[in-house]
Amino acid sequence: MIAFLLFLSAISGIYPPPSDTTRFLLVPLDHHIKNARKIEISYTLMHPYNKQKETILLIEDPLDKYFQKSIDLQPLADEFNIVHIKGRNEADAILEIINTSGGINWGKAYQLLNMDQQVRDIEWVRRDLPGDPSVHLVGFSGAAAYLHHYLGLFPENVRTLISFNPLLFDLQKNLGFSNPSQCLETIPLENTHYLDFLWYNNFGGLCNESTTTKDIELVYSSYLKWEFLLPIIKKTNSIDLALKVRFFEHSYGLAYNSTSNLPISKIGKWMKQESQEIWKEFEHLQFSVYGMDYDRWLDFNGKTLIVGAVHDKLLSRFCYDVLAEFYLNPTLLLIRDGHSFGKLAGSMLHNNLIRSFINNDIKEKVTVYQLLQDKGLLFNTKDRVRY
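Okay, so let's go over this structure. (Residues numbered from 1 in each chain as written. Predicted model: local features only at pLDDT ≥ 70, side-chain atom pairs only at ≥ 80, totals over all residues. Heavy atoms only, no water.)

## Re the packing of aromatic side chains
Within the structure shown, the criterion is met by 20 aromatic pairs. Between tyrosine 110 and phenylalanine 287, the aromatic rings sit 5.2 Å apart at their centres with planes inclined by 20 degrees, giving stacked as the arrangement. Taken as a pair, tyrosine 110 in helix H3 (residues 106–113) and phenylalanine 287 in the loop between helix H11 (276–285) and strand E7 (303–309) lie far apart in primary sequence, 177 residues in all. Pair check on accessibility: tyrosine 110 and phenylalanine 287 agree, each one buried. Taking the centre distance of 4.7 Å and the plane angle of 70 degrees together, the rings of tyrosine 294 and tryptophan 297 count as edge-to-face. Its relative accessible area of 11% is what places tyrosine 294 among the buried residues. Accessibility expressed as a relative area gives 1% for tryptophan 297, which makes it buried. Ring pairs connect the aromatic residues Tyr110, Phe248, Tyr252, Trp279, Phe282 and Phe287, which therefore count as one cluster. Sitting over the ring of tryptophan 279, lysine 272 keeps its end group 4.5 Å from the ring centre. A cation sits over an aromatic face here: lysine 303 above phenylalanine 357, 5.1 Å from the ring centre. (Phe/Tyr/Trp six-rings, centres within 6.5 Å; stacked < 30°, edge-to-face > 60°. Helix = DSSP H or I, 4+ residues; strand = E, 2+ residues; numbered from the N terminus. Buried < 20%, exposed > 50% of the residue type's maximum accessible area, 1.4 Å probe, protein only. Lys NZ or Arg CZ within 6 Å of the ring centre and 35° of its normal.)

## A closer look at the side chain of histidine 339
The topology assignment puts histidine 339 in the loop between strand E8 (330–335) and helix H13 (342–347). The class of histidine 339 is buried, set by a relative accessible area of 0%. Those residues in contact with histidine 339, other than ones at most four positions away along the chain, are Phe140, Ser141, Asn165, Leu167, Trp199, Asn201, Ala309, Asp312, Leu314 and Tyr320. (Contact = heavy atoms within 4.5 Å.)

## As for the sheet that holds strand E4 (residues 80–87)
In spatial order, the strands read E1-E2-E4-E3-E5-E6-E7-E8; together these 8 strands make up an open sheet with mixed pairing. Since the sheet does not close on itself, it has two edges, and those belong to strand E1 (21–28) and E8, each with one partner. For this sheet the average axis-to-axis angle between neighbouring strands, irrespective of direction, equals 20 degrees. Set on the sheet, helix H14 (residues 350–359) makes contact with strand E3 (54–59), E4, strand E5 (135–140), strand E6 (158–164), E7 and E8; between it and E6 the angle comes to about 155 degrees. (Pairing = 2+ DSSP bridges. Axes fitted to C-alpha atoms, helices over the stretch in contact; angles between N-to-C directions.)

## Some words on the pairing of E6
With 6 of its 7 residues buried, E6 lies for the most part within the structure. Strand direction decides the pairing type here: E5 and E6, joined by 6 bridges, are parallel. Across the sheet, valine 135 pairs through a bridge with valine 158, a residue of E6. As for the winding sense of the linkage, the β-α-β connection from E5 through helix H5 (residues 141–153) to E6 is right-handed. With 5 bridges joining them, E6 and E7 adopt parallel strand pairing. (Right-handed = clockwise from strand over helix to strand, strands pointing away.)

This is the structure we're talking about:
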């Protein structure tokens, strides 16, 4: 039963329902080159677009997609336009350009698949929608990080941002927050299996002063028992270029130019190893790497909801406290859950939370908060001294 609660409940991601409305759009191959050639990307709608409805934008992330299987926005589809941006990660033209010389040009791979290119695609999709609407951004993990970057570039086009566990490793590094999974690095899991384990882990008593070896063994054995039921990263014969670029960006955020004396985490080392081809090219050419411009967020006058998991083992939960300080009108909601937000997904309250925040429905907000409290998911301010 404990194993079931810890891992089988760990349903991850924010994933739109199946769509029968797919649109194709030409966007610049490189947004930083004037009159660049165009490539085709796609986005999907749950229903035909209705200009009378508010619009929610989602974007696919190369890492998150391996885990996003169960949270969907179906209950919101009748009330909002839900736009899911597939993006450029599988665009044939990009793959051809990267492979033109008989081998993979890893510098070119980063140039065309980096975070900045991805979020500028979002703006082209938004402008392609009828009525040039201001939009609501909803994202989880790496996709949420994309949306924070988009907000810094185009704050005038966003009404609200709802960000679940944004994976901003550079924030953890630059503020010197300790690795939240330090006590777990001795368990005999490596590579993708270790990432899967951290992604789904939502146990609340780990990596603090009271953690025992027995606690770690219990959680580890629980994971091994139930992992076959969970969506995970699977090895394939093909190279996922976009995933390697994302691993480079994440490991760069954790490792490069660190002013902290804290050692890079086990997961950071692995992501750097997985993207070693891009790292070698970077060390040779020293090309520019795009990062977050946190000060730009102060230009955003809309509402921001940051939902952070206090038992996150990928990113220090204190990052979420600090992140809220970069916005003029923030709401910070801390949930007793892990990175995958399995417990929150199991409660089925995420849609109510999103709806209440977009509509600024005070009554529904109070109801959602009370239900989260009743289910033991709400992390109260008074709990912080005991955490």
